[in-house]
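So the chains spell out like this:
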Amino acid sequence: MFQKVKNSLLLLGYWQNHMYFDKHKEILKKELKLRTKIKNPDFSESDVLVHVRRGDYNSVINKKIFSVCDLNYYNRCIKFFRDKNKNCTFYFFSDDINWCKKKFVSKNFKFIENKNDIVEFDMMKKFKNYIISNSTFSWWGAYLSDYKKTTVLCPKTWWNTRPGVNI
């Protein structure tokens, strides 16, 4: 049951498990919506979001903790969607968009740039198809999608050092 909180509240943890939220999904979708309208690109049902998390995961310490998604992972996922629809467009969201531009080259690749996290999060919810990294940010974008039925590809291994918590 949700309760009203009068003051600020900070929750620490990893919150990418639908079992915590399924009963309250519609409330969350309503509450986690921008209050002001922004102009988003018109995404189609065949478009695919690709979320690449690199920044903090690339430190030596975090590479020991988190399984970093490599190019092979993303290329396999891209192939999956291209096999379903060769004309789909892939929209890349990342904390290292310049790296993405160097590694992913195709006329069907577009890169979301110069947006703040809140605007990007709102945009992420507009997709039906997802390739997500092992990131709570991209997990929530896919979970709160405006579509009832989505296709979400995610890495099997999220952690290197915490057995039993991978998807």
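Everything discussed here concerns the structure shown above.
All values reported here derive from a predicted model rather than from experimental measurement.

> Looking at this structure, how should I read the sheet that holds strand 1 (residues 48–52)?
Neighbouring strands of a sheet are bound in pairs by backbone hydrogen bonds; such pairs are parallel or else antiparallel. Within the open sheet, the five strands sit side by side as 3-2-1-4-5. Their pairing is parallel. At either end of the open sheet lies a strand with only one pairing partner, and these are strand 3 (109–111) and strand 5 (151–153). Averaged over all pairs of adjacent strands, the angle between their axes in this sheet comes to 20 degrees, without regard to strand direction. Bridge analysis of strand 1 against strand 4 (residues 129–131) gives three bridges, and the strand direction is parallel. When the bridges of strand 4 are listed, V48 appears paired with N129.

> How should I be thinking about the packing of aromatic side chains in this particular structure?
Any aromatic ring pair is given by two values, namely how distant the centres are and how the planes are angled relative to each other. What the rule picks out here adds up to 18 aromatic pairs. When the centroid spacing of 6.3 Å and the interplanar angle of 75 degrees are considered together, the rings of F104 and F109 count as edge-to-face. For the pair shown, F104 and F109 are each scored as buried. Measuring from centroid to centroid gives 5.6 Å for W140 and Y143, while their planes differ by 85 degrees, and the two rings are edge-to-face. Note that W140 and Y143 are positioned in helix 6 (residues 136–143) at a spacing of three residues, about one turn of the helix. You can call W140 buried: its relative accessible area is 12%. An aromatic cluster is defined as three or more aromatic residues linked by ring pairs; in this entry it consists of Y73, Y74, F90, F92, W99, F104, F109 and F111.

> Any chance you could explain the pairing of strand 2 (residues 90–94) here in plain terms?
Each regular strand displays side chains that alternate between the two surfaces of the sheet. For strand 2, a buried count of five out of five residues is recorded, marking the element as mostly surrounded by other parts of the structure. Side-chain alternation along strand 2 places F90, F92 and S94 on one buried face and Y91 and F93 on a second face that is also buried. Where strand 1 lies against strand 2, five bridges are found, and the strand directions are parallel. Within strand 2, the position partnered with H51 by the bridge is F93. Relative to strand 3, strand 2 runs parallel, the two being bridged by three bridges. Pairing of Y91 across the sheet is with K110, part of strand 3. In this region the chain leaves strand 2, passes through helix 4 (residues 97–103) and returns to the parallel neighbour strand 3; the handedness of that crossover is right-handed.

Cut-offs applied
Residues numbered from 1 in each chain as written. Predicted model: local features only at pLDDT ≥ 70, side-chain atom pairs only at ≥ 80, totals over all residues. Heavy atoms only, no water. Pairing = 2+ DSSP bridges. Helix = DSSP H or I, 4+ residues; strand = E, 2+ residues; numbered from the N terminus. Axes fitted to C-alpha atoms, helices over the stretch in contact; angles between N-to-C directions. Phe/Tyr/Trp six-rings, centres within 6.5 Å; stacked < 30°, edge-to-face > 60°. Buried < 20%, exposed > 50% of the residue type's maximum accessible area, 1.4 Å probe, protein only. Right-handed = clockwise from strand over helix to strand, strands pointing away.

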